[in-house]
Amino acid sequence: MRKLMAAVMVVSGLGLVTGCERKGDVQRQQENVAEAQREVVEEQREASQDIAATAQDKQEDVAEARQDLAEEQNKLADKQYEQLSERDTATGGSGMASDKQAKLEEVKGTIQSASSGNLTLIVPDKDNQLMRFKSDSQVKVMRDDKALSLSSLKAGDEVRASYQMDPNGQMLLRSVEVTKTSAKSLPDMPDMAK
């Protein structure tokens, strides 16, 4: 029986040793997992820093490109100004080109058509010739001392218009004054007007 008892004790001791070894394996695996997690966190941190640095570099590149664009636009504007100055001096210094641009002409006529960017007049003083004008945001349109839009004018309205020639040779409207409103422009009135 002693031998049996000794054998049970040996088997129990071996079970304890085996259990401890397994416990040690689990603990080593947990340490390995923890180490792997620390490495992943570190790699994520480094990747985030790389992404932030790349984004900052790209923003600096964009800012530099915008500055280069602004400088090129300024150079272009300077060149255009020089060309205009050269063209003015090419007239022999007489300033005729700039005088022609600045000189306002006036015409009286009847509107054939009007829109926000154009006006076409029938001019009786020029054998009912059609004159087509371009307009910009600076044109002043008046009727009875009230400001109007160019597109509110109607065919048949009689007007006095001032214009000047632009550098491309087009007639550019500067002001339009309605001198007589056409019957088409008037609202329906009672028969008192008859």
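Higher on the page you've got the structure.
The numbering scheme is per chain: residues are counted from 1 as the chain's sequence reads. A pLDDT threshold of at least 70 governs which residues receive local features in this predicted model, and a stricter bar of 80 or more applies before side-chain atom pairs are shown or counted, although totals over entire chains, interfaces and linings include all residues. Note that the side-chain values use all heavy atoms of the structure and ignore hydrogens as well as water.

Draft legend 1. Representation of the overall build of the protein within the structure. Strands are runs of DSSP state E lasting at least 2 residues, helices are runs of H or I lasting at least 4, and numbering of each runs from the N terminus. For the protein, the count of helices and strands is two helices and seven strands. The contacts in the protein between residues at least 6 apart in sequence include a share of 51% that link residues at least 24 apart. Exposure was quantified through the Shrake-Rupley algorithm and a 1.4 Å probe, taking into account, for residues, occlusion by the shown protein chains and nothing else. Accessible area for the protein stands at about 15400 Å²; split by element, carbon and sulfur atoms hold 53% of it. Residue contacts are counted whenever heavy atoms from the two residues lie within 4.5 Å of one another.

Draft legend 2. Region of the structure containing the pattern of salt bridges. Put simply, a salt bridge is a Lys or Arg side-chain nitrogen that is within 4 Å of an Asp or Glu carboxyl oxygen. In this structure the tally under the stated criterion is six salt bridges. The shortest N-O distance in the salt bridge between Arg38 and Glu35 comes to 2.7 Å. With Arg38 and Glu35 both in helix H1 (residues 2–89), this residue pair falls three residues apart, about one helical turn. Taking the shortest distance from any N to any O, the salt bridge between Arg174 and Asp136 comes out at 3.2 Å. Taken together, the residues Arg174 in strand E7 (residues 171–180) and Asp136 in the loop between strand E3 (129–134) and strand E4 (140–143) connect sequence positions 38 residues apart.

Draft legend 3. Expanded view of the packing of aromatic side chains. Aromatic pairing here means that ring centres of Phe, Tyr or Trp (its six-membered ring) are within 6.5 Å. Orientation follows from the plane angle: under 30 degrees is stacked, over 60 is edge-to-face, and everything else is tilted. Taken as a whole and assessed by the stated rule, the structure comprises one aromatic pair. Seen from their ring centres, Phe133 and Tyr163 are 5.1 Å apart, and the 55° between their planes marks the pair as tilted. Of this pair, Phe133 sits in strand E3 while Tyr163 sits in strand E6 (residues 158–165), and the two are 30 residues apart along the sequence. Taken as a pair, Phe133 and Tyr163 share a single burial class, namely buried. When a residue's accessible area, from a 1.4 Å probe over protein chains only, is under 20% of the maximum for its type it is buried; when over 50% it is exposed; and in between it is partly exposed.

Draft legend 4. Region of the structure containing the nonpolar core. Take the buried Ala, Val, Leu, Ile, Met, Phe, Trp, Tyr and Cys residues and link them wherever side-chain atoms come within 4.5 Å; each set so joined is a nonpolar core. Formed by 18 residues in total, the largest nonpolar core has its most connected members in Val107, Leu119, Leu121, Phe133, Leu173 and Val176. Every element with two or more residues in this core is listed here: strand E1 (105–114), strand E2 (118–123), E3, E6 and E7. Here this core takes four residues from E7, the largest share from any one element. Excluding residues within four positions of it along the chain, Val107 makes contact with Leu121, Val123, Met131, Phe133, Val159, Arg160, Ala161 and Tyr163.

Draft legend 5. Representation of the side chain of Arg174 in the model. According to the relative accessible area criterion, Arg174 is buried, its value standing at 17%. In this structure the side chain of Arg174 is engaged in a polar contact, spanning 3.2 Å, whose partner is the side chain of Asp136. Ignoring anything within four residues of it in the chain, the contact list for Arg174 reads Leu104, Asp136, Gln138, Val139, Lys140, Ser162, Tyr163 and Gln164. Any pair of nitrogen or oxygen atoms within 3.5 Å is treated as a polar contact; in protein, a donor-acceptor pairing is required on top of that, and neighbouring residues in sequence qualify only through side-chain atoms on both sides.

Draft legend 6. Structural detail: the pairing of E6. A pair of strands is considered paired only if DSSP assigns at least 2 bridges between the two. By the bridge criterion, six bridges tie E1 to E6 in an arrangement that is antiparallel. Residue Val107 lies in a different strand from E6, and its bridge partner there is Ala161. Note: E6 against E7, eight bridges, orientation antiparallel. The partner of Ser162 across the bridge, within E7, is Ser175. Between the end of E6 and the start of E7, which pair antiparallel, lie five residues, with Gly169 showing a positive phi angle near 85°.

Draft legend 7. A look at the pairing of E2. Summarising the sheet, E1 and E2 pair through four bridges and their orientation is antiparallel. The partner of Ile111 across the bridge, within E2, is Leu121. Across six bridges, the pairing between E2 and E3 is antiparallel. Each bridged residue has a counterpart across the sheet, and for Leu121 the counterpart in E3 is Met131.

Fair warning: the whole summary comes from geometry, so function is off the table for now.
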